[in-house]
Amino acid sequence: MAAGSLAAWLWLLLGQGFFWRTDVRLPRREEPAEWPAVAIVVPARDEAAVLPLSLPTLLAQDYPGRAEVFLVDDGSGDGTGALARELADAAPHGLPLTVDSPGEPDAGWTGKLWAVRHGMALARARTDAAFFLLTDADIAHSPHSLRELVSAALGARLDLVSQMARLRADSGWSCPRSCTSSHSSTPSAA
């Protein structure tokens, strides 16, 4: 049993392309002559406590092309959708924001996956986005993150780029400050 357990851990750690590494950086970046349109899809449920810290960072992206944020309020009971609209109104020069609620999931769909699916369908219906940025509502972005992700995808001729988000740990019971989350910001070709 111990040998089997050791073999499984070795396979996970070594045989899966070192998926757990957090020191991997974006590939070379090349700014295009023409920037593609991007739809940013943010599933959100009961995120009113963190939205004032995260949503403004998306709305304030320094992106030379067209980009729009689609926040999908997935049945929040804390006013997440209304707060998102207020934050967008407070940043009139930011990226456009659409807030929508999909209602109850169709059969076979649950929670976040339903919200992401709904947000992507909504974005496809309203934009001609070449890329989607899928990100959680509790992730703050640097002002150039969208620009860097799209540049990396285009420069390395990739359809998908994924970055890990760094967790903030506030207590000894949390992981160390260098710990990272499995949350990702993933731009992918439409």
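Conventions we followed
Residues numbered from 1 in each chain as written. Predicted model: local features only at pLDDT ≥ 70, side-chain atom pairs only at ≥ 80, totals over all residues. Heavy atoms only, no water. Patch = residues over 30% accessible without salt bridge, like charges linked within 9 Å, V, L, I, M, F, W, Y side chains within 5 Å. Areas by Shrake-Rupley, 256 points an atom, 1.4 Å probe, with all protein chains shown as cover. Salt bridge = Lys/Arg side-chain N within 4 Å of Asp/Glu carboxyl O. Helix = DSSP H or I, 4+ residues; strand = E, 2+ residues; numbered from the N terminus. Buried < 20%, exposed > 50% of the residue type's maximum accessible area, 1.4 Å probe, protein only. Contact = heavy atoms within 4.5 Å. Expected span 1.5 Å × (residues − 1). Phe/Tyr/Trp six-rings, centres within 6.5 Å; stacked < 30°, edge-to-face > 60°. pLDDT = per-residue confidence, 0-100. Pairing = 2+ DSSP bridges. Right-handed = clockwise from strand over helix to strand, strands pointing away.

Engineer: Help me understand a nonpolar patch on the surface in this model?
Structural biologist: Among the surface-exposed residues, Leu6, Trp9, Leu10, Trp11, Leu12, Leu13 and Leu14 lie close enough to one another that they form a single nonpolar patch of about 720 Å² accessible area. Here Leu10 lies in helix H1 (residues 2–14).

Engineer: What is the right way to look at unusual backbone geometry in this model?
Structural biologist: Leaving glycine out, the prevailing phi sign among residues is negative, and the prevailing peptide bond configuration is trans. Although it is not a glycine, Asp46 sits at a positive phi angle of roughly 50°. When you line up the elements, Asp46 lands in the loop between strand E1 (38–44) and helix H2 (51–59). Positive phi outside glycine occurs at Arg157, with the angle close to 55°. For Arg157, a relative accessible area of 77% translates into the label exposed.

Engineer: Before we go on, may I ask you to explain the pattern of salt bridges in this structure?
Structural biologist: It is possible for side chains bearing opposite charge to pair when their charged atoms get close. Here the structure, examined in full by the defined rule, presents five salt bridges. Where Arg45 meets Asp74, a salt bridge forms, and the shortest distance between an N and an O atom there is 3.1 Å. Separated by 29 residues along the polypeptide, Arg45 in the loop between E1 and H2 and Asp74 in the loop between strand E2 (67–73) and helix H3 (80–89) bring together distant segments of the chain. Its relative accessible area of 45% is what places Arg45 among the partly exposed residues. Taking relative accessible area as the criterion, Asp74 reaches 7% and is therefore assigned buried. As a salt-bridge pair, Arg66 and Asp128 come within 2.3 Å of each other at their nearest N and O atoms. One end of the pair, Arg66, is in the loop between H2 and E2; the other, Asp128, is in the loop between helix H4 (111–126) and strand E4 (131–134), with 62 residues separating them in the sequence.

Engineer: I would appreciate a short explanation of the side chain of Arg147 in the present structure.
Structural biologist: Within the element layout of this structure, Arg147 appears in helix H5 (residues 145–155). The contacts of Arg147, once residues within four sequence positions are left out, are Glu31, Trp35, Asp62, Tyr63 and Pro64.

Engineer: Would you mind showing me how to read H4 here?
Structural biologist: Since there are 3.6 residues in each turn of an α-helix, residues three or four apart along the chain are aligned in direction. The end-to-end C-alpha separation of H4 is 23 Å, in line with the 22 Å expected for 16 residues at 1.5 Å each. Of the positions making up H4, those classed as buried are Trp114, Ala115, Val116, His118, Gly119, Met120, Leu122 and Ala123. Turning to H4, the residues buried within the fold contact E1, E2, strand E3 (97–100) and E4.

Engineer: Even after reading the chapter, I still don't get the packing of aromatic side chains, so can you show me in this structure?
Structural biologist: Aromatic ring pairs are described here by two measures, namely the spacing of the ring centres and the angle between the planes. Enumeration according to the criterion identifies two aromatic pairs in this entry. Ring centres 6.4 Å apart and planes at 55° place the aromatic pair Trp109 and Trp114 in the tilted group. Here Trp109 falls in the partly exposed class, since its relative accessible area comes to 34%. Overall, the relative accessible area of 5% leaves Trp114 in the buried class.

Engineer: Would you mind showing me how to read the confidence of the model for the protein chain here?
Structural biologist: Low-pLDDT stretches of the model should not have their predicted coordinates read in fine detail. With 80% of its residues at a pLDDT of at least 70, the protein chain reaches an overall mean of 83. Note that residues 176–186 has pLDDT below 50 and, in this model, 43 contacts with residues that lie over four places away or in other chains.

Engineer: I tried to follow the pairing of E2 on my own but got confused; where do I start?
Structural biologist: Consecutive residues of a regular strand have side chains that alternate between opposite faces of the sheet. For E2, the tally of buried residues reaches seven of seven residues, placing the bulk of the element in the interior. Residues of E2 alternate between two faces, with Ala67, Val69, Leu71 and Asp73 on one and Glu68, Phe70 and Val72 on the opposite face, all of them buried. Relative to E2, E1 is paired through seven bridges, and the arrangement is parallel. Bridge pairing in E2 places Val38 opposite Ala67. Note that the unit made of E1, H2 and E2 has a crossover that is right-handed. Pairing of E2 with E3, which is carried by four bridges, proceeds in the parallel orientation. Bridge pairing links Phe70 to Thr98 in E3. In this fold, E2 hands off to H3, which returns the chain to E3; that crossover is right-handed.

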